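Descriptive structure summary
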Amino acid sequence: MLDIKKKLQEEITALEYELRNELPREILKARAHGDLKENAEYHAAKERQGYVNARLGQLQKRLSDFSMIDMSKIPHDRTGLGSRVVVLDVARNEEITYYLVTSEEADAPNGKISTSSPIGKSLLGKEVGDTVKMQAPGGTKELEILGLQTIHDLEK
């Protein structure tokens, strides 16, 4: 969780610097070229400024959301954010390990799945022995939970 907050803060800092220092210089330089109606540099800088402002708003909201996560409300005996879950894909008879993470940390090829993804949502609140059925692009997928370590276990 601290890594996510750090990454968000680093991106916020970089975007704030760009917004307050680099973009105003680019806009001034582009204005010096004359007619703004047909000035591609000016329009590109203004468009970038709009994007940076929007992205800053998103990042600041996300950082605020993380600050409000109450770690004591994440279950100790069921899957939740930060859990390491070992499941059996019943159809393929294959064990898979998933780490339930935030969307910023998601990296499916490495087993890090977002709690807002279809698999992540279906695993939330489950315990060892539970079977989960979910819709996947290839049809219904059935997963049996074989092992679980919560964020509380992993932080020790």
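Read on for an overview of the structure. Every value quoted in this text rests on a predicted model; they were computed, and no experiment measured them. (Residues numbered from 1 in each chain as written. Predicted model: local features only at pLDDT ≥ 70, side-chain atom pairs only at ≥ 80, totals over all residues. Heavy atoms only, no water.)

Overview of the sheet that holds strand S1 (residues 84-89)
How we decide: The criterion for strand pairing is that DSSP finds at least two bridges linking the strands in question. Only DSSP runs of H or I with at least four residues qualify as helices, and only runs of E with at least two residues qualify as strands; both kinds are numbered from the N terminus onward. Orientation is described by lines fitted to C-alpha atoms, with helices fitted over the stretch in contact, and by angles between N-to-C directions that extend from 0 to 180 degrees.
On the basis of which strands lie adjacent, the open sheet formed by five strands has the order S3-S2-S1-S5-S4 and mixed pairing. This sheet does not close on itself; its edge strands, each paired only once, are strand S3 (112-114) and strand S4 (131-136). Averaged over all neighbouring strand pairs, the angle between strand axes comes to 45 degrees, with direction disregarded. Where S1 lies against strand S2 (residues 94-101), six bridges are found, and the strand directions are antiparallel. Considered in S2, the bridge of Val87 is made with Ile96.

A word on the environment of Ser122
Threshold: The buried label applies to any residue whose accessible area, calculated with a 1.4 Å probe on protein chains only, is under 20% of its type's maximum; exposed applies above 50%, and partly exposed to all values in between. Pairs of residues are marked as contacts when any of their non-hydrogen atoms sit within 4.5 Å. The term polar contact refers here to a pair of N or O atoms within 3.5 Å; inside protein, the definition further demands a hydrogen-donor-capable atom paired with an acceptor-capable atom, and it admits residues adjacent in sequence only when both atoms are side-chain atoms.
Of note, Ser122 is situated in helix H3 (residues 118-123). Judged by relative accessible area, Ser122 falls into the buried class, the value being 13%. A C-alpha to C-alpha distance of 43 Å links Ser122 and Ala44, two positions 78 residues apart in sequence. In this structure, Ser122 is in contact with Val132 and Met134, ignoring residues within four places of it in sequence. At 2.8 Å, the side chain of Ser122 and the backbone oxygen of Ile119 are in polar contact.

Brief notes about the side chain of Thr79
Inspection of the secondary structure assignment puts Thr79 in the loop between helix H2 (40-67) and S1. Judged by its relative accessible area of 2%, Thr79 falls in the buried class. Residues contacting Thr79, with those up to four places away along its chain left out, are Val85, Leu100, Leu123, Leu124, Gly125, Lys126 and Leu148.

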